[in-house]
Amino acid sequence: MVSGPALEIRRIDPGLEGALADFFASLDQAGDYAVFHPHPFTPQQATAIARSDGLDLYYAATAAGEVLGYGMLRGWDEGYAVPSLGLAVAPRHRGRGLGRLMMAFLHEAARLRGASRVRLTVYAHNASAVALYRRLGYRFSDAGEGQLLGLLELGPRGER
């Protein structure tokens, strides 16, 4: 018999506010802000995201009330047609395929919103992230300041 907590990917809401703040603290403690800094990793930012009611999408992969991964599709609130994708996995849950799973989820969420492609920026020295994005089909160009701009054509639903 298999037991243990169930894995879920769900939209972030006020019920995840505290767990998201804890997740942000784990990223901060690991020094992840050096390579992933879409916004501050503060309890106040966790509150703002959990209570957001705009067009941008924020998701968490959770198990037993803990946030294991965090993904976002932003830019729609500002009127952009191509959302910017961001992703982070909790330090102690890396290397298990959760990033790839969340990327697939975020791509489908963008498709469902009508996006034909997504974009992201990544530091060129973040080798594991760049490798994942390349395997998923992202094409890169130089974004300056040591960063790459990645674009992925999503194609029609059901493809990829």
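Our subject is the structure that appears above.
Residues numbered from 1 in each chain as written. Predicted model: local features only at pLDDT ≥ 70, side-chain atom pairs only at ≥ 80, totals over all residues. Heavy atoms only, no water.

A.B. asks: Just to check I follow, could you spell out the overall build of the chain for this structure?
C.D. replies: The number of helices and strands found in the chain is four helices and seven strands. Going from the N terminus to the C terminus, the chain shows its helices and strands as β-α-α-β-β-β-α-β-α-β-β. Over its C-alpha atoms the chain spans a radius of gyration of 15 Å, differing by no more than 12% from the 15 Å that the globule rule assigns to 160 residues. For the chain, the C-alpha atoms occupy an extent of roughly 40 × 40 × 30 Å along the three principal directions. Within the span of the chain, comprising 160 residues, buried residues form 44% of the whole. Within the chain, contacts between residues at least 6 apart in sequence are counted, and of these 60% link residues at least 24 apart. For the chain, the computed accessible surface area is about 8700 Å², with 51% contributed by carbon and sulfur atoms. (Helix = DSSP H or I, 4+ residues; strand = E, 2+ residues; numbered from the N terminus. Rg over C-alpha atoms; globule rule 2.2 N^0.38 Å. Buried < 20%, exposed > 50% of the residue type's maximum accessible area, 1.4 Å probe, protein only. Contact = heavy atoms within 4.5 Å. Areas by Shrake-Rupley, 256 points an atom, 1.4 Å probe, with all protein chains shown as cover.)

A.B. asks: Please explain the pairing of strand S4 (residues 84–89) as it appears in this structure.
C.D. replies: Counting buried residues along S4, five of its six residues qualify, which places the element largely inside the surrounding structure. Here strand S3 (residues 66–74) pairs with S4 via six bridges, running antiparallel. Residue Gly-69 lies in a different strand from S4, and its bridge partner there is Val-89. (Pairing = 2+ DSSP bridges.)

A.B. asks: How should I be thinking about the environment of Val-89 in this particular structure?
C.D. replies: Along the polypeptide, Val-89 turns up in strand S4. As for Val-89 and Ala-19, which are separated by 70 residues in sequence, their C-alpha atoms are 14 Å apart. Not counting the four nearest positions on each side in its chain, Val-89 is found in contact with Phe-23, Leu-27, Leu-68, Gly-69, Arg-94, Leu-98 and Gly-99.

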